Amino acid sequence: MYKNVDRSRRKRSNFLRSFYDHVVFTFSIATMHGLIHVVRSRRHIFERQVMDCLLRIFHFNQFVFRDRLLWMGLVVGAFGIATQQALEAWRRYETSPVVITIEKDFFNWDVENPSILICLRDKPASSYKIMEDFIKEYKITAEIKELDEYVNDLLFKTYYTYSSLEKYANGSKKELVSPDLYVELITRVSGKLETKQQKVKGTLWPKNVDSNYTRILTEFGLCHSFHSKLAYYFEITNFTREVPQTESDYQSITKNYKDEVLTFLQPQVFVKYLVFVTDSHEMIDITSHYHTGEQTTTALLAFNVIDIISDEAIRDLSPKQRNCKFNDDPHDLKHSPVYTYNLCRIECRINLALKYCNCTPHYYKRNAGEQICNMAGMYCLSKHPEVVSLVDPKTEKSLCHCLQNCNLQAVTTEVVSSGGWFLTTRLSVEFQSFPKERYRRTLIFTKTDILIQIGGIYGLFLGCSVLSFIEISYFFTLRFIWGVLGNRRIKAEI
C-alpha cells in the first residue's frame, strides 16, 4: 500500500518537475521579448532590491517567485496593453473600414438617367364596356355602377386612405370580386399610356433603348414605368412567377457632361396622374415623393441627381462593415429576387400585414399560404399605422433594419412650369443641370492593413512576430506532449 502511495507521489513529482523544466526551457529560448527574464535565475541587485521593497509594502515577503515578479508583471502588462490596442484596431476594421469621399472631376463620368413612373388616377372611357364583359365572364352578381365604385376603391386607395373602406368591414357594402381576381381586374380596367413618345430635344431616344412602358404593381397601384432596372421583376406578366436576375433586359441610358439635355415627353395623358422620378435601381414605396398632374394641364418637371457609388473592393466586406448592400447581395427577402432599401421596407410591411391582418394587399408578390386582402382586410391595415411608418408606436423604435443601397442615386425634382392646356394633359421631365460632384464609398482599411497594424502593435510592446506566436503554440502543444507527457527531462542553461 505504502509502495503504491510512494510511486504515485514520485510520478506526480516527476510530472511537475518535467512541466517546470519545459516552461523554463520554452521561455528561455522564445523570441518574444521579456519571457527569458521571467525564468532567468541570475538577477541584478537592482531587480532584487526593487522587488523586495514592493513585496514588503504589500506584505508578500514569502512570495515564491519574488525575483521574477517584476518581469512577469512587465510581460503581462505589455501583453494586456497590446491586446487592448489590437482589439481596438479590429473594432475599427469591423465598424468603419469604409469612408465616403467627394469627387469633382465631372468631365470624366457619366450619369445614369433616373426612372420615371406614371400612375394614372382615373379609368379610361372604355372601362365600362370592360367591366360589363368581366361581370359576364366571371358571373358576378352586381350592377355595373356597384362594380364601378368597387373598382375605384380597388385601384386608387392606398395605405393613407384605407380607412375609407370601413363600409366593407361593417357590412354596409358587400365584397363583389374574389381577391384572387383583383390583379386580373385591374389589368383589364386600368388605362394604358401610348408608348414611344420619349424624346431628346425633338429626337428619339437612342435606338438601342426600348422606349416602351412596363406596367408594374406598386404600393400606389398599377403604374407605368420607364427606364427601371427593377420593373421587369414586378411587371404584370411576371407577377405570379419567379423571375431570375439573369432574365432582366435592362438597357441603361447615360448622359455625359457634353451631351444634350435629355427630355422625357409624354404628350397624351387623358386623366389625372402621379409622376415619380426615382433611382433606376430602386422601387418606389408608399413614402416616395411624387408630383400630381391634373387633367388638361401641362407640366415641366426638372430633376437633379447626386450619385453615390461604391468601389468593387468593398464587396469583400460584410454588409454590416460597409453599412450598405448591393442589389445582387445574398439577402433574406422572401418576396423579391433582388435587394434594395425600399424592397426591404416593403418586405417589412408584408410581414406586418400578415401579423396583424393575416393577409397582404394584391399588389405584393405572395408566397405559398399567404392570403390576398379583400376590402375588409385592407381596412384592417388602416388600424395599424406602424405598417406604413415601420416605427413601433409604443417604443418609437424601428420595426425593421434595412441597409441603404451601396450604389444609389438621390433624385430631387421641382416643377419648373405648369398651367392649363387646351388639349390632353402633357408632361415633360428633364435634367435641370449636370451634377458637378458625386460621392464614392472607398475602402481604406483592408485585411492586409489590419494584419500589419496588429503585428506592429505586438511588435512594439513584445518585440514578437507571427513566428513568435507559432513558436509559443508549438511549445505548448506538440512539444508539451513530447516532453511533459512523455516524462522527458529538458534542462535549459539560463
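Further up the page is the structure itself.
Note that the structure is predicted; figures quoted are calculated from it, not measured.

Cut-offs and rules
Residues numbered from 1 in each chain as written. Predicted model: local features only at pLDDT ≥ 70, side-chain atom pairs only at ≥ 80, totals over all residues. Heavy atoms only, no water. Disulfide = S-S within 2.5 Å. Helix = DSSP H or I, 4+ residues; strand = E, 2+ residues; numbered from the N terminus. Buried < 20%, exposed > 50% of the residue type's maximum accessible area, 1.4 Å probe, protein only. Contact = heavy atoms within 4.5 Å. Polar contact = N/O pair within 3.5 Å; in protein donor to acceptor, adjacent residues only side chain to side chain. Axes fitted to C-alpha atoms, helices over the stretch in contact; angles between N-to-C directions. Parallel < 35°, antiparallel > 145°, perpendicular 65-115°, else oblique. Nonpolar A, V, L, I, M, F, W, Y, C, P; charged D, E, K, R; others polar. Expected span 1.5 Å × (residues − 1). Arc of directions from axis to C-beta.

Disulfide: a covalent bond formed between the sulfur atoms of two cysteine residues. For the structure on display, the rule yields five disulfides. Paired through a disulfide, C357 and C380 show a sulfur-sulfur distance of 2.0 Å. Between C357 and C380 the sulfur-sulfur dihedral comes to about -90 degrees; the bridge is accordingly left-handed. Highlighted residues: C357 in helix 11 (residues 341-357) and C380 in helix 12 (residues 375-382), separated in sequence by 23 residues. Owing to a relative accessible area of 14%, C357 belongs among the buried residues under this scheme. Relative accessible area serves as the criterion here: at 16%, C380 is assigned to the buried category.

For the rest of this paragraph, the subject is the environment of H224. On the secondary structure map, H224 appears in strand 7 (residues 221-226). A relative accessible area of 2% means that H224 is categorised as buried. A C-alpha to C-alpha distance of 5.4 Å links H224 and L117, two positions 107 residues apart in sequence. Look past the residues within four positions of H224 in its chain and what remains in contact with it is I116, L117, I118, L120, G191, K192, L193, Y213, T214 and R215. A polar contact of 3.4 Å, which involves the side chain of H224, links it to the backbone oxygen of G191.

Time to look at unusual backbone geometry. Residues other than glycine predominantly adopt negative phi, and peptide bonds predominantly adopt the trans conformation. Phi at N323 is positive, roughly 60 degrees, even though this residue is not glycine. When you line up the elements, N323 lands in the loop between helix 10 (319-322) and helix 11. Under the relative-accessibility criterion, N323 is labelled partly exposed at 49%.

This part covers the packing of helix 6 (residues 144-156) against helix 8 (residues 182-189). Think of two packed helices as two axes; the pair is described by the angle between the axes and how far apart they sit. Between helix 6 and helix 8, the least distance of the axes is 11 Å, while the angle of their chain directions is 95 degrees. Between helix 6 and helix 8, the angle falls in the class roughly perpendicular. In contact with Y150, V151, L154 and L155 of helix 6, helix 8 contributes Y182, L185, I186 and V189. Within the contact of helix 6 with helix 8, the residues separate by chemical class into eight nonpolar, no polar and no charged.

Let's shift gears to helix 14 (residues 447-462). Under the 1.5 Å per step criterion, the end-to-end length of helix 14 is 22 Å for 16 residues, consistent within 8% with the ideal 22 Å. Of all the positions in helix 14, only I450, I457, Y458 and L462 are classed as buried. Looking straight down helix 14, one finds that the buried residues subtend no more than 95 degrees of arc, so they occupy a single side. Relative to its buried face, helix 14 has exposed residues pointing more than 90 degrees away, namely I452 and L460. In the segment just after helix 14, G463 is the residue with positive phi, at about 60 degrees.

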